[in-house]
Amino acid sequence: QVQLVESGGGLVQPGGSLRLSCAASGSIFSINAMSWYRQAPGKERELVARITRGGRTNLLDSVKGRFTISRDNAKNTVYLQMNSLKSEDTAVYYCNVINDLGDEVWGQGTLVTVSS
C-alpha cells in the first residue's frame, strides 16, 4: 500500500507564491508519473501538471509560465512551485502517482486559497 502525504497549501494573496510537496511512502513499485490535479468548488477535477520518471513535464495552459513541477526520485517526492498566484487558482490540490503496473494512488488533498 502506497501512502501520499501532501503539504504546503494555505492562504496567499494574489501575486504570491506557494510550494506544494507530496511524498510517497510504503510499498512503492517503480513510480512512473507523478502529477498534481486540482478541483475548485463546483468544477471538475483537472490536471495541473505531470512529470514522468525521466523528467518530461506537461502543464495546464493557464499555469504555464507561473507553475513549475519537479521531482526527487530518490525521495519519491514531487513538488509544485506556484508563482504569481491568481484567485482562479483557488482549489483543493491533489497529488497523484502512477507506477509501472498502472496502479494509481491519490493524496488527501491540500487547500490553496488565493485571496486578499
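Residues numbered from 1 in each chain as written. Predicted model: local features only at pLDDT ≥ 70, side-chain atom pairs only at ≥ 80, totals over all residues. Heavy atoms only, no water.

## Let's talk about the pattern of salt bridges
Pairs can form between side chains of opposite charge once their charged atoms are near each other.
Then, number 1: Counted according to the given criterion, the structure contains 5 salt bridges.
Then, number 2: Among the salt bridges present, the one from D89 reaches R38, with a minimum N-O distance of 3.0 Å. Separated by 51 residues along the polypeptide, D89 in the loop between β8 (77-82) and β9 (91-99) and R38 in strand β4 (residues 31-39) bring together distant segments of the chain. With respect to class, D89 is no different from R38; both count as buried. (Salt bridge = Lys/Arg side-chain N within 4 Å of Asp/Glu carboxyl O. Helix = DSSP H or I, 4+ residues; strand = E, 2+ residues; numbered from the N terminus. Buried < 20%, exposed > 50% of the residue type's maximum accessible area, 1.4 Å probe, protein only.)

## A look at the side chain of S35
Then, number 1: By the secondary structure assignment, S35 is in strand β4.
Then, number 2: For S35, the side chain forms a polar contact with the side chain of R50, separated by 2.8 Å.
Then, number 3: Those residues in contact with S35 that sit more than four places away from it in its chain are L47, A49, R50, Y94, C95 and N96. (Polar contact = N/O pair within 3.5 Å; in protein donor to acceptor, adjacent residues only side chain to side chain. Contact = heavy atoms within 4.5 Å.)

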